Amino acid sequence: MSGISDFVNGSELFTLAGEARAAHCMLESGKGEGGEFTGWVRLPEAYDRQEAERILEAAGRIKKDSDTLVVIGIGGSYLGARAAIELLRSPEYNLLDKDTPNIIFAGNNLSGEYLGRMLDFVRDREFSVNVVSKSGTTTEPAVAFRLFRELLERKYGAEGARRRIYATTDRKRGALKQLALAEGYETFVVPDDIGGRYSVLSAVGLLPIAAAGIDIRRMLDGAASEMSILSCKGMENEAWRYAIARQALYRAGKKIEILACFEPAFRFMAEWWKQLFGESEGKGGMGIFPASVEYSADLHSMGQYIQDGERSLMETFVSFESSRREIFVPSDRENLDGLGYLAGRSLTEINRAALEATKAAHIRGGVPCIELRLERISEESFGALVYFLEFACGLSGYMGGVNPFDQPGVEEYKRNMFRLLGKPGV
Ligand code: PA5
């Protein structure tokens with residue numbers, strides 16, 4: 001991260017560091033508001049090893065008997081898994097020549113067009129379903145599950161369907177848990193003390209991620225190292241610095257944070273980040289509005305506004321020092337396209353120049369910029385980044401004076417929808 005002094009003067013820093021320390025203590029002790037949902041703080045070292053083994057076995061079974069896995073869930077029940085698969089394998093994962101199943105996502109909308117396409121996709125394929133819902137009562141995934149379950153039962157019979165359904169839900173409560181018990185589905189647990197948007201490193205994310213052939217142990221190792229790095233209380237803690245910079249900027253009128261990355265595979269990671277920060281901080285008429293852009297593409301659509309529009313923005317770049325794939329610009333003796341000056345240079349170097357140029361331009365245009373630098377895209381760095389952002393979000397939420405672990409605002413649309421649809425008892 002860049003120098004914190006770019007964002008905050010000495011006395012503000014003193015106050016904010018005190019707030020960060022208090023927030024850190026609340027996360028550590030679980031004594032802050034919503035402290036009953038801070039199980040994710042110790043998850044990378046405290047996770048259930050036996051369940052992790054079962055996840056790997058289930059992923060192996062899915063690979064053996066299915067060419068497609070349907071992951072049904074919404075919000076924190078699917079975004080992290082999708083982010084990992086797109087970043088670590090490919091945004092075009094289903095088009096890869098691979099020995100792991102296709103993964104499609106359902107239950108995050110109520111569109112007949114969308115669900116119809118997904119059902120058509122699997123109708124003549126061998127498929128399994130991982131339905132993920134902590135509450136077990138969310139309408140979007142419940143409707144999708146009913147549709148895919150019906151198709152599975154028609155295709156494989158009740159017993160065949162039972163073997164192909166994996167339910168990730170609460171240990172004891174909820175309609176999905178009761179259904180899983182009654183039907184005998186294999187179940188995985190969303191721990192009581194971990195809310196949806198902090199759950200990607202639990203079975204919620206791990207089963208689909210493992211099914212996509214990603215090494216979940218390396219991911220958890222990366223998160224565990226980050227957990228130990230972030231245990232220190234002081235300004236050398238990068239999560240403190242990120243949280244402090246965000247809070248200082250918010251208090252100075254920067255109400256919108258844009259997450260920017262020059263890797264298209266990062267798109268769903270940004271979606272996950274938006275949910276994490278938006279649902280955690282947007283409360284009581286306050287909170288930074290999280291937005292995201294995908295560069296270079298969005299430099300040619302959102303770039304104008306960011307450079308020159310209303311000055312209520314801050315921007316956080318996520319960058320990778322090296323690339324898993326080096327591609328060099330070829331030489332061409334004719335040089336009719338005028339790109340001779342780039343011949344022999346790597347896209348990593350050119351993409352980095354685009355980032356530096358953008359950052360400099362935006363800073364000059366009055367947009368304070370933060371940069372989160374990672375070495376490279378890997379299982380370990382994904383685990384570390386998830387943990388880092390969750391920790392920074394918990395800190396920042398407490399510093400902003402909200403409970404970062406509830407989401408009361410999500411209920412209002414649900415109540416309206418139930419009323420409109422005539423749900424009994426509403
Ligand atoms: O962060 C949260 O808790 C929410 O966004 C949930 O992930 C989302 O609402 C889905 O809930 P559930 O898993 O209970 O279906």
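Values in this document were obtained by computation on a predicted structure and should not be read as measured data. (Residues numbered from 1 in each chain as written. Predicted model: local features only at pLDDT ≥ 70, side-chain atom pairs only at ≥ 80, totals over all residues. Heavy atoms only, no water.)

Brief notes about the packing of aromatic side chains
No. 1: Scanning the model with the defined rule gives 17 aromatic pairs in all.
No. 2: Ring geometry for F145 versus Y185: centroids 6.1 Å apart, planes at 80°, classification edge-to-face. Residue F145 is located in helix α6 (residues 139-164), and its partner Y185 is located in the loop between α7 (175-183) and β5 (186-190); the two are separated by 40 residues in the primary sequence.
No. 3: Residue classification places Y185 among the buried residues on the basis of a relative accessible area of 7%.
No. 4: Over the aromatic face of Y242 sits the side chain of R246, whose NZ or CZ is 5.7 Å from the ring centroid.
No. 5: Between K255 and the ring centre of Y250, over which it is positioned, the NZ or CZ distance is 4.4 Å. (Phe/Tyr/Trp six-rings, centres within 6.5 Å; stacked < 30°, edge-to-face > 60°. Helix = DSSP H or I, 4+ residues; strand = E, 2+ residues; numbered from the N terminus. Buried < 20%, exposed > 50% of the residue type's maximum accessible area, 1.4 Å probe, protein only. Lys NZ or Arg CZ within 6 Å of the ring centre and 35° of its normal.)

Here we look at the pairing of strand β6 (residues 256-261)
No. 1: A large share of β6 lies buried, amounting to five of its six residues.
No. 2: Across six bridges, the pairing between β6 and strand β8 (residues 313-320) is parallel. The residue bridging C261 from the neighbouring strand is V318, located in β8. (Pairing = 2+ DSSP bridges.)

Some words on the site of the ligand
No. 1: Around the ligand sit 13 residues in total, of which S77, S133, S135, T138 and Q275 are the nearest.
No. 2: Taking G196, its main chain carries an N or O atom lying 3.2 Å from an oxygen atom of the ligand.
No. 3: In isolation the ligand offers 380 Å² of accessible surface; the protein chains occlude 88% of this area. (Near = heavy atom within 4 Å. Polar contact = N/O pair within 3.5 Å; in protein donor to acceptor, adjacent residues only side chain to side chain. Areas by Shrake-Rupley, 256 points an atom, 1.4 Å probe, with all protein chains shown as cover.)

Quick look at the packing of helix α8 (residues 203-211) against helix α9 (residues 216-229)
No. 1: Here α8 crosses α9 at 135°, and the two axes come no closer than 10 Å. As far as their axial angle goes, α9 and α8 are oblique. Residues L206, I209 and A210 of α8 lie in contact with α9, whose contacting residues are I216, M219 and L220.
No. 2: Of the residues belonging to the contact of α8 with α9, the class tally is six nonpolar, no polar and no charged. (Axes fitted to C-alpha atoms, helices over the stretch in contact; angles between N-to-C directions. Parallel < 35°, antiparallel > 145°, perpendicular 65-115°, else oblique. Contact = heavy atoms within 4.5 Å. Nonpolar A, V, L, I, M, F, W, Y, C, P; charged D, E, K, R; others polar.)

Some points on the environment of E390
No. 1: Assignment of secondary structure puts E390 in helix α14 (residues 379-399).
No. 2: We classify E390 as buried; its relative accessible area is 1%.
No. 3: Along the sequence, E390 and L276 sit 114 residues apart, while their C-alpha atoms lie 7.4 Å from each other.
No. 4: Ignoring sequence-local partners within four residues, the contact set of E390 consists of W40, R197, Y198, S199, V200, W272 and L276.

Comments concerning the domain arrangement of the chain
No. 1: Assigned domains within the chain: domain 1 (2-31 + 220-399) and domain 2 (41-214).
No. 2: Between domain 1 and domain 2, the C-alpha centre-to-centre distance is 30 Å.
No. 3: At the junction of the two partners, domain 1 supplies 29 residues and domain 2 supplies 25 residues.
No. 4: In this assembly, domain 1 packs against domain 2 so that about 2,500 Å² is buried in total across both faces, 70% of it on carbon and sulfur atoms. (Domains from an automatic or database assignment. Buried area = accessible area lost by both parts, 1.4 Å probe.)

Focus on the sheet that holds β5
No. 1: Strand order in this open sheet of five strands is β2-β1-β3-β4-β5, and the pairing throughout is parallel. Two strands lie at the open edges of the sheet, namely β2 (102-106) and β5, each paired on one side alone. Looking at each pair of strands side by side, their axes are set apart by 20° on average, direction ignored.
No. 2: As defined by bridge partners, strand β3 (residues 127-133) adjoins strand β4 (residues 165-170) across five bridges and the pair is classed as parallel.

Considerations on the sheet that holds strand β9 (residues 369-374)
No. 1: Taken together, four strands build an open sheet; the order of strands is β7-β6-β8-β9 and the sheet is parallel. Edge positions in the sheet fall to β7 (289-294) and β9, since each has one partner strand and no second. Between one strand and the next, the sheet's axes are offset by a mean angle of 20°, whatever the strand orientation.
No. 2: Examined bridge by bridge, β8 and β9 share six bridges and lie parallel to one another.

Notes on unusual backbone geometry
No. 1: Cis geometry is adopted by the peptide bond preceding S296, which originates at Y295 and carries an omega value of 5°.
No. 2: The backbone of N335 shows a phi angle near 55°, a positive value even though the residue is not glycine.
No. 3: Relative to the elements of secondary structure, N335 occurs in the loop between β8 and α13 (347-364).
No. 4: The class of N335 is partly exposed, set by a relative accessible area of 31%.

Side note on the state of the cysteines
No. 1: A full pass over the atoms with the stated rule returns zero disulfides.
No. 2: A disulfide-free cysteine, C261 has its sulfur positioned 14 Å from the sulfur of C369, the nearest such atom.
No. 3: The class of C261 is buried, set by a relative accessible area of 3%.
No. 4: Among the cysteines around C393, which has no disulfide bond, C25 carries the closest sulfur, lying 18 Å off.
No. 5: By relative accessible area, which is 0% here, C393 ends up buried. (Disulfide = S-S within 2.5 Å.)

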